[in-house]
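The chain contents come next:
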Amino acid sequence: MASSPSPDNDATMRPYRPEDEPGVQELIDADRLPGQQRCTPEQLAAARRGPLALAGWVMSARPGIGVLADAEERPCGVVAYASWTDARTGVICWAYGREDPPVLRAILGHACAELAHCPKIDAFVGAPPGPLGPGGLPRARRAATHDALVEAGFTGRCQGAYLHCALPGDPSPAKLVADVFPCEVPPGHRLIVRDGAEPVAEAVVGAGPGRTATVYWIETRHTHRGRGLGRKLLGQALALLAEQGACEVALVIDDVPARPPESEAAARLFGSFGFTLVDRLWTYRRQHPPSPRPTA
């Protein structure tokens, strides 16, 4: 990846360097949402190496991280992207520039140039909240990034809602209804409620650094809904996270214009435990029409 001048003459786009780590961490953490883990060196190292985990995919990718550096070589913007040899879709994984429009235009333009061979580019593809992002673009809190994506030819849509809850310092014991097992991917614990030997409800949660935690998944089988299993399961899961030292929890729920009854029930359930909406999460796509074939 060659260096290229940015719109500002005193800043330059170049590949990420190990010495950029502290400045890049500051850029990412500047847009951190409540309950989101802080960026770690391990996460940056994983993003540089690949494979990348994007929306549940783990594939052999060609990752890249571009840094917009000022005249003193300090990072003022960073963007991560990936493409695959066997797929014609590129992905802009995350981009940070302290909501400075010229910086955002420069780093997004760089990523699009690096992915110019891809007819389709997705940006901010949904994923569980983590140190590198909340699982989409927080539309209200990062309006400048949204505008820069639209200006670059992307079309956005709302894909979810980011919720946050503060856990009590001295939680009351929860009724134990689920068996608890360690979980490696994502790291944390799986809680399973059974009817006899048959699993009928499940939750996956994980406690992270900085006393943060994430609810990755909670679901009750359709045949067993309306019996209060979801409330008991979530209560046990949050109590488990509090016992592990977490003081705040984040989660993402699907948020579509025509909300089915199941989504409304989930929103009521989380609201009853103190979860509040932080922001809507958006995802984006830019698609080029196929090039015309030459005629004889």
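The coordinates are above.
Because the structure is a prediction, the values reported are computed rather than measured. (Residues numbered from 1 in each chain as written. Predicted model: local features only at pLDDT ≥ 70, side-chain atom pairs only at ≥ 80, totals over all residues. Heavy atoms only, no water.)

(A) Region of the structure containing the overall build of the chain. Looking only at helices and strands, the chain has 6 helices and 16 strands in total. The buried share of the chain, reckoned over its 296 residues, is 46%. Taking the intrachain contacts of the chain between residues at least 6 apart in sequence as the baseline, contacts between residues at least 24 apart amount to 65%. Entry remark: accessible area of the chain is about 15,100 Å², with carbon and sulfur atoms responsible for 53%. (Helix = DSSP H or I, 4+ residues; strand = E, 2+ residues; numbered from the N terminus. Buried < 20%, exposed > 50% of the residue type's maximum accessible area, 1.4 Å probe, protein only. Contact = heavy atoms within 4.5 Å. Areas by Shrake-Rupley, 256 points an atom, 1.4 Å probe, with all protein chains shown as cover.)

(B) Just the side chain of Asp70, in detail. For Asp70, the location among the structural elements is in the loop between strand 5 (62–69) and strand 6 (75–83). Excluding residues that lie within four positions of it along the chain, Asp70 makes contacts with Asp10, Ala11 and Cys76.

(C) Fine view of the environment of Gly160. Its location among the elements puts Gly160 in strand 10 (residues 155–166). What makes Gly160 buried here is its relative accessible area of 1%. Along the sequence, Gly160 and Trp282 sit 122 residues apart, while their C-alpha atoms lie 7.0 Å from each other.

(D) Region of interest: the packing of aromatic side chains. Evaluated as defined, the whole model comprises 4 aromatic pairs. Relative to Tyr96, the ring of Trp94 has its centre 6.1 Å away and its plane inclined at 40°; by these criteria the two rings are tilted. Each member of the pair, Trp94 as well as Tyr96, is classed as buried. A ring pair is formed by Phe124 and Tyr284, whose centres lie 6.5 Å apart and whose planes are at 70°; its orientation type is edge-to-face. Of this pair, Phe124 sits in the loop between strand 8 (120–123) and strand 9 (137–138) while Tyr284 sits in strand 16 (residues 276–287), and the two are 160 residues apart along the sequence. Among the aromatic side chains, those forming a connected cluster through ring pairs are Phe124, Trp282 and Tyr284. Note that Arg139 overlies the ring of Trp282, its terminal NZ or CZ placed 5.4 Å from the centroid. (Phe/Tyr/Trp six-rings, centres within 6.5 Å; stacked < 30°, edge-to-face > 60°. Lys NZ or Arg CZ within 6 Å of the ring centre and 35° of its normal.)

(E) Region of the structure containing the environment of Val252. Tracing the backbone shows Val252 in strand 15 (residues 248–254). Along the sequence, Val252 and Pro134 sit 118 residues apart, while their C-alpha atoms lie 8.3 Å from each other. Ignoring anything within four residues of it in the chain, the contact list for Val252 reads Pro129, Pro134, Gly160, Ala161, Tyr162 and Leu281.

(F) Here's a closer look at unusual backbone geometry. With an omega of -10°, the peptide bond running from Val185 to Pro186 counts as cis. Tracing the backbone through its elements, the reader meets Pro186 in the loop between strand 11 (179–183) and strand 12 (188–195). A positive phi angle, near 55°, is found at Arg98, a position not held by glycine. For Arg98, the position within the fold is in the loop between strand 7 (89–96) and helix 3 (101–114). Despite not being glycine, Phe124 shows a phi value in the positive range, around 55°.

(G) Structural context of helix 5 (residues 229–243). Along its 15 residues, helix 5 runs 21 Å from first to last C-alpha, staying within 8% of the 21 Å computed at 1.5 Å per residue. The element helix 5 is extensively covered by neighbouring structure, given that 12 of its 15 residues are classed as buried. Every buried residue belonging to helix 5 is among Leu229, Gly230, Leu233, Leu234, Gly235, Gln236, Ala237, Leu238, Ala239, Leu240, Leu241 and Ala242, and all of these are buried. Directly beyond the C-terminal end of helix 5, a positive phi value near 100° is found at Gly245. (Expected span 1.5 Å × (residues − 1).)

(H) Expanded view of helix 3. With 14 residues, helix 3 should cover 20 Å at 1.5 Å per step; its first-to-last C-alpha distance of 20 Å lies within 8% of that length. The complete set of buried residues in helix 3 reads Val103, Leu104, Ala106, Ile107, Leu108, His110, Ala111 and Cys112.

(I) Region of the structure containing the pattern of salt bridges. Tallied over the full model, the rule gives 14 salt bridges. One salt bridge in this structure joins Asp31 and Arg142, with 3.9 Å as the shortest N-O distance. Note that Asp31 is positioned in the loop between helix 1 (21–30) and helix 2 (41–49) and Arg142 in the loop between strand 9 and helix 4 (143–151), a separation of 111 residues in sequence. Comparing Asp31 with Arg142, the two get one shared label, buried. Salt-bridge contacts for Glu202 lead to Arg190; the nearest nitrogen and oxygen are separated by 2.4 Å. Taken together, the residues Glu202 in strand 13 (residues 198–207) and Arg190 in strand 12 connect sequence positions 12 residues apart. Under the relative-accessibility criterion, Glu202 is labelled partly exposed at 26%. When its relative accessible area of 28% is taken as the criterion, Arg190 is described as partly exposed. (Salt bridge = Lys/Arg side-chain N within 4 Å of Asp/Glu carboxyl O.)

Geometric values such as these leave the question of function open.
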